[in-house]
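Structural features, examined
The residues making up each chain are set out below.
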2 protein chains.
Amino acid sequence: MRPTLQDIASATNTSVSTVSRVLSGGTVAQRISLATRQKILQVAKKMGYQPNLIARSLRTRRTDTVGLLVSDIANPWFGQMASRIEQALHRHGYSLILCNSGEDEKVESQYLQLLAQRGIDGLIVVPLARTREALMEHLPENLPLVLLDRPIPGIAHSIASDQRQLAGQLCDTLWQVGVRQVALVCGPHHIVTHQTRASLVAERFKVIFRYEGPAQIETGRQAMVQLNCRPQAIICTNNFLGQGVIDAIDRFDKPPIIGCFDEIPLMHLMTVPVVCSNQDIPLMAEVCVDQLLMQLRGKQATSGVHTTVPIRVITNRAFREQFASTVEK
Amino acid sequence: MRPTLQDIASATNTSVSTVSRVLSGGTVAQRISLATRQKILQVAKKMGYQPNLIARSLRTRRTDTVGLLVSDIANPWFGQMASRIEQALHRHGYSLILCNSGEDEKVESQYLQLLAQRGIDGLIVVPLARTREALMEHLPENLPLVLLDRPIPGIAHSIASDQRQLAGQLCDTLWQVGVRQVALVCGPHHIVTHQTRASLVAERFKVIFRYEGPAQIETGRQAMVQLNCRPQAIICTNNFLGQGVIDAIDRFDKPPIIGCFDEIPLMHLMTVPVVCSNQDIPLMAEVCVDQLLMQLRGKQATSGVHTTVPIRVITNRAFREQFASTVEK
DNA sequence: TTGTAGGCGTTATCAC
DNA sequence: GTGATAACGCCTACAA
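Let me begin by describing the structure that accompanies this report. (Residues numbered from 1 in each chain as written. Chains lettered and ligands numbered in written order. Predicted model: local features only at pLDDT ≥ 70, side-chain atom pairs only at ≥ 80, totals over all residues. Heavy atoms only, no water.)

**Observations regarding the sheet that holds strand S8 (residues 233-236) of chain B**
Residue and element names in this part refer to chain B. One open sheet holds the 6 strands; their spatial order is S7-S6-S8-S9-S10-S12, and the pairing between them is mixed. This sheet does not close on itself; its edge strands, each paired only once, are strand S7 (206-212) and strand S12 (311-315). In this sheet, adjacent strand axes meet at a mean angle of 15° when their direction is disregarded. In this sheet, S8 lies alongside strand S6 (residues 181-186) in parallel orientation, the contact comprising 4 bridges. Residue pairing in the sheet places Val-185 in a bridge with Cys-236 of S8. Across the sheet, helix H10 (residues 192-204) is in contact with S6, S7, S8, strand S9 (257-261) and strand S10 (274-279); its angle to S6 comes to roughly 175°. Against the sheet, helix H12 (residues 239-247) touches S6, S8, S9 and S10, its axis set at about 160° to S9. (Pairing = 2+ DSSP bridges. Helix = DSSP H or I, 4+ residues; strand = E, 2+ residues; numbered from the N terminus. Axes fitted to C-alpha atoms, helices over the stretch in contact; angles between N-to-C directions. Contact = heavy atoms within 4.5 Å.)

Pasting the structure below:
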């Protein structure tokens, strides 16, 4: 059994409170005589004392822990995001408990409840829920909360890229090289990001083929199997779908352009023309953590902040070579 | 403030113990009269009762939580692994607390200590530490523990691919197409996986160029900037290095073959010949969780198990076309 | 400067 | 069947 404050108190002929004061460090520790302080520190070290954070949390009502609930940690986009968020929080003394909803509403709800019960200090979530009620059902009203990637009306703090801008620039680039009709491969329409992107694209182009499925690589491949026409471009509403589409695009002699939301790895090595509309992951992570820390520190509910961050569109070499005449630089 | 057992007890004219029994469910709940049981359940629901897991853990000494400490969650390899592990654990009623050491020994040590203090029930770790002492410094001796990807002598449970087999098959494939000398781009030699892979490769080929750095994409790119000779192949000790190398390989008119440990996304679309030696992530995750659950359930220390899982080597189309004559199928 | 005591919300051991 | 009551390990007034 691990030693407790009591054990150390006994071993040093002092009381738990004295030991607690010494080991908690800071100002309180200064008020203890040097002699006993040193004795306690020494014994604590020898006995290998480690504070029981569970007991501490029960008492202090703080866990120094932030929850991060994402929809698919296997997706590098979220992996990078999680990595950045974790590092930033760690710098500020918080640790992260990461959960994965897998785009499953049941699982999401379950995890939200679990996190609440575990008494996290704050929460960052990529929600599947689309209403405030659904999201907050099991959450304490005053929990510091930041939405990532998918804003919900009525919830104050969120970070996302401007989907209109993201889609706009992607479409502009395609339009400039003559694209007028496209195939659309999109994630589930009940996910707000995919839905928004799909409809923004549909505003600009004639959609002659449409395939919807889970936002996974395999879905992109399947879409290509089903494809029964010759679109000028294929637009995918996220990176995984794009990867799947590109992966399966072999069978075309002269493949259409791939337009994709989010980054495709190594795209510039490919012979298929690709254009991606990329979000700034490091910046989003940073702003996200900043907003959360804001709430964690000043308990005052900072007025609502919906932050959108800048984006950028990138084409690969194949794209630029193929359309050298129509696109400048 | 959230309602507690006491609040419900007061509201129903019962005692905390009765309420506890009812709400904990199971057999104990059966022994309570139907009338009070229903009354309590109803009131609990109306008041929106949620158990305080911190208090429960303090009492029961269980957290139903497993720690997963990985070295780089931004790397999709770990992302996929984490995803699988999380799902498997979730099925068994455990939740996951994910930490990221960033290949930093200080951070790793810090997190190990933190996890211990938080009273996790079990731990899965991709260790940077290479000795039992370093790893266990702050961990309770009897903590259910599984090492992932990097075995350590003296620690009973680990899951990894057989590096010898991984390297062997990769080298065989290259050897068969005439490769005799290579450039080696590897991760830090203090990480056992990279070190092992590098030396296994060096046993088979003449290494005419060598570049070492953090196992990140950028390192691979830099290696190509430095490259001052014409190797027959470039071998990279992980996926990120491989991605960086491929990303920067443009400047070669006739690029060398890329040999890589772990998967390169969309490799078969590339005009560069690529051969990868892949690990079976889903299987590794599954075995990993199985081994941990074993320890979590039967407190008996199952005798040491070092599991290695099968691997497979994959070439891309460019590779196969280029060497159609020398390789069958 | 130090000690005593109460309580955080649960579970578990007794009694009745 | 149900209710006191004592932990779990820690923090923190309040005393001394």
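**So, the protein's contact with DNA strand D**
Among the 25 residues in the neighbourhood of DNA strand D, the closest are listed as Tyr-49, Arg-56 and Arg-59 of chain A together with Thr-18 and Arg-61 of chain B. A distance of 3.2 Å is found between a phosphate oxygen of DNA strand D and a side-chain nitrogen or oxygen belonging to Ser-20 of chain A. In the model, a phosphate oxygen of DNA strand D is placed 2.4 Å from a nitrogen or oxygen of the Arg-61 of chain B side chain. Looking at the surface near DNA strand D, the elements that each hand over two or more residues are helix H2 (16-24) and helix H5 (53-60) of chain A together with helix H2 (16-24) and helix H5 (53-60) of chain B. Ranked by residue count, the leading element in the surface near DNA strand D is H5 of chain A, at 4 residues. Looking at the surface near DNA strand D, its residues break down into 6 nonpolar, 12 polar and 7 charged. (Near = heavy atom within 4 Å. Polar contact = N/O pair within 3.5 Å; in protein donor to acceptor, adjacent residues only side chain to side chain. Nonpolar A, V, L, I, M, F, W, Y, C, P; charged D, E, K, R; others polar.)

**Here's the deal with unusual backbone geometry**
The backbone of Asp-64 of chain A shows a phi angle near 55°, a positive value even though the residue is not glycine. Despite not being glycine, Asp-149 of chain B shows a phi value in the positive range, around 75°. With respect to the element layout, Asp-149 of chain B can be found in the loop between strand S4 (145-148) and strand S5 (157-161).

**Let's talk about the relation of the copies chain B and chain A**
Turning chain B through 180° and shifting it by 0.0 Å along the axis lays it on chain A, with an RMSD of 0.1 Å. Both copies of the chain, as the preceding transformation shows, are related through a two-fold rotation axis. Proximity to the rotation axis, assessed at the C-alpha, singles out Ile-97 of chain B in chain B; its C-alpha lies 2.3 Å from the axis. When the interface residues of chain B are mapped onto chain A, 100% of them again lie at the interface, so the same face is used by both copies. (Least-squares fit on C-alpha atoms with pLDDT ≥ 70 in both.)

**Some details on the pairing of S5 of chain B**
Within a regular strand, side chains alternate between the sheet's two faces. Residue and element names in this part refer to chain B. Among the 5 residues in S5, 5 count as buried, and that is most of the element. Here 2 bridges tie S4 to S5, and the two strands are oriented parallel to one another. Residue pairing in the sheet places Leu-148 in a bridge with Ile-159 of S5. Bridge count for S5 against strand S11 (residues 305-309) is 5 bridges, and the pairing is parallel. Looking at S11, one finds that Ser-161 is bridged to Val-309. (Buried < 20%, exposed > 50% of the residue type's maximum accessible area, 1.4 Å probe, protein only.)

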